[in-house]
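So the chains spell out like this:
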Amino acid sequence: MDRALIHFTLGREISVGIYLEQMGYYTPDLLHKAAPRLDPASPGRCVAGFCAVHQPLVTDLVAPPPVGWDGWGFEEWDAYFGWNNGTYLVDLPQMAVRQYHPVSIHRRGRTVRCDLSRTPRALRVVVSNA
């Protein structure tokens, strides 16, 4: 099976997980296609947007990981969800995707190339110096 789990994060806030039974290998491409429906200010709205675009592929939604997830490394993510393509964390302010792959040598995860630049400008996080 080609499974994957996707969570959207904003600081220490994390969304429920989107569980894909198939097509997990294509998670970066699926995120790219869903980018116009993602909201960098809301992990929950990102889940809704992803599901709206890829509803037939989403097998289930799972509870967010327990408190302390933001300090997890490979072993913790592997124990939490260690199947095939593993867990993907989408850092919304950075628009970066990190993968915790169960056979990876990258103990802190690895950055996955994924173009999320098509996210609507009005939804992007704006940092003000004021």
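Remember, predicted model here, so these are calculated numbers, not experimental data.

Moving on, we get to the overall build of the protein. Scanning the protein from N- to C-terminus turns up three helices and seven strands. Tracing the protein from N to C terminus, the helices and strands come up as β-β-β-α-α-β-α-β-β-β. Across the 130 residues that make up the protein, the buried fraction comes to 44%.

With that out of the way, let us pick up unusual backbone geometry. Unusually for a residue other than glycine, Met23 sits at a positive phi of about 70 degrees. Checked against the element boundaries, Met23 lands in the loop between β3 (17–20) and α1 (27–34). Classification of Met23 as partly exposed rests on a relative accessible area of 33%. With phi around 55 degrees, Met95 is a residue other than glycine that occupies positive phi space. With respect to the helices and strands, the residue Met95 is situated in the loop between β5 (87–91) and β6 (96–100).

Next up on the list: the nonpolar core. With 21 residues, the main nonpolar core has Ile6, Phe8, Ile18, Leu31, Phe50 and Val90 as its most contacted residues. Of all the elements in the fold, those that place two or more residues in this core are β1 (4–10), β3, α1, α2 (43–54) and β5. At four residues, α2 tops the list of elements feeding residues into this core. Beyond its immediate stretch of four places on either side in the chain, Val90 contacts Ile6, His7, Phe8, Thr9, Leu31, Ala96, Val97 and Leu116. Of all hydrophobic cores here, the second largest spans six residues; its members include Ile14, Trp69, Trp72 and Trp77.

With that settled, consider the pattern of salt bridges. Summed over all chains, the structure comprises three salt bridges. Arg3 is paired through a salt bridge with Glu21; the nearest N and O atoms lie 3.5 Å apart. Of this pair, Arg3 sits in the segment before β1 while Glu21 sits in the loop between β3 and α1; the two residues are 18 residues apart in sequence, bridging distant segments of the chain. A salt bridge links Arg12 to Asp70; its shortest N-O distance comes to 3.0 Å. In this pair, Arg12 is assigned in the loop between β1 and β2 (13–14) and Asp70 in the loop between β4 (58–62) and α3 (74–80), connecting sequence segments 58 residues apart. By relative accessible area, Asp70 is classed as partly exposed at 38%.

This part takes up the confidence of the model for the protein. Looking at the protein, pLDDT values average 81 and 77% of them are 70 or higher. Here strand β7 (residues 110–112) is the element of the protein with the lowest mean pLDDT, 68, and β2 is the one with the highest, 96. Scored below 50 in pLDDT, residues 122–130 shows twelve contacts in the model against residues more than four places distant or in partner chains.

Residues of α1 that are buried include every one of Thr27, Pro28, Leu30, Leu31 and Ala34, and no others. Across the axial projection of α1, the buried residues extend over an arc of 160 degrees, all falling on one side.

Of all five residues that make up β5, four are buried, and the element is covered over most of its length. Two strands pair when backbone bridges link them, and β1 and β5 are joined in this way by five bridges, in the parallel orientation. Counterpart to Leu5 in the pairing with β5 is Thr87. Relative to β6, β5 runs antiparallel, the two being bridged by five bridges. Along β6, the bridge assignment pairs Leu89 with Arg98.

Criteria and cut-off values
- Residues numbered from 1 in each chain as written.
- Predicted model: local features only at pLDDT ≥ 70, side-chain atom pairs only at ≥ 80, totals over all residues.
- Heavy atoms only, no water.
- Helix = DSSP H or I, 4+ residues; strand = E, 2+ residues; numbered from the N terminus.
- Buried < 20%, exposed > 50% of the residue type's maximum accessible area, 1.4 Å probe, protein only.
- Core = buried A, V, L, I, M, F, W, Y, C linked by side-chain atoms within 4.5 Å.
- Contact = heavy atoms within 4.5 Å.
- Salt bridge = Lys/Arg side-chain N within 4 Å of Asp/Glu carboxyl O.
- pLDDT = per-residue confidence, 0-100.
- Arc of directions from axis to C-beta.
- Pairing = 2+ DSSP bridges.

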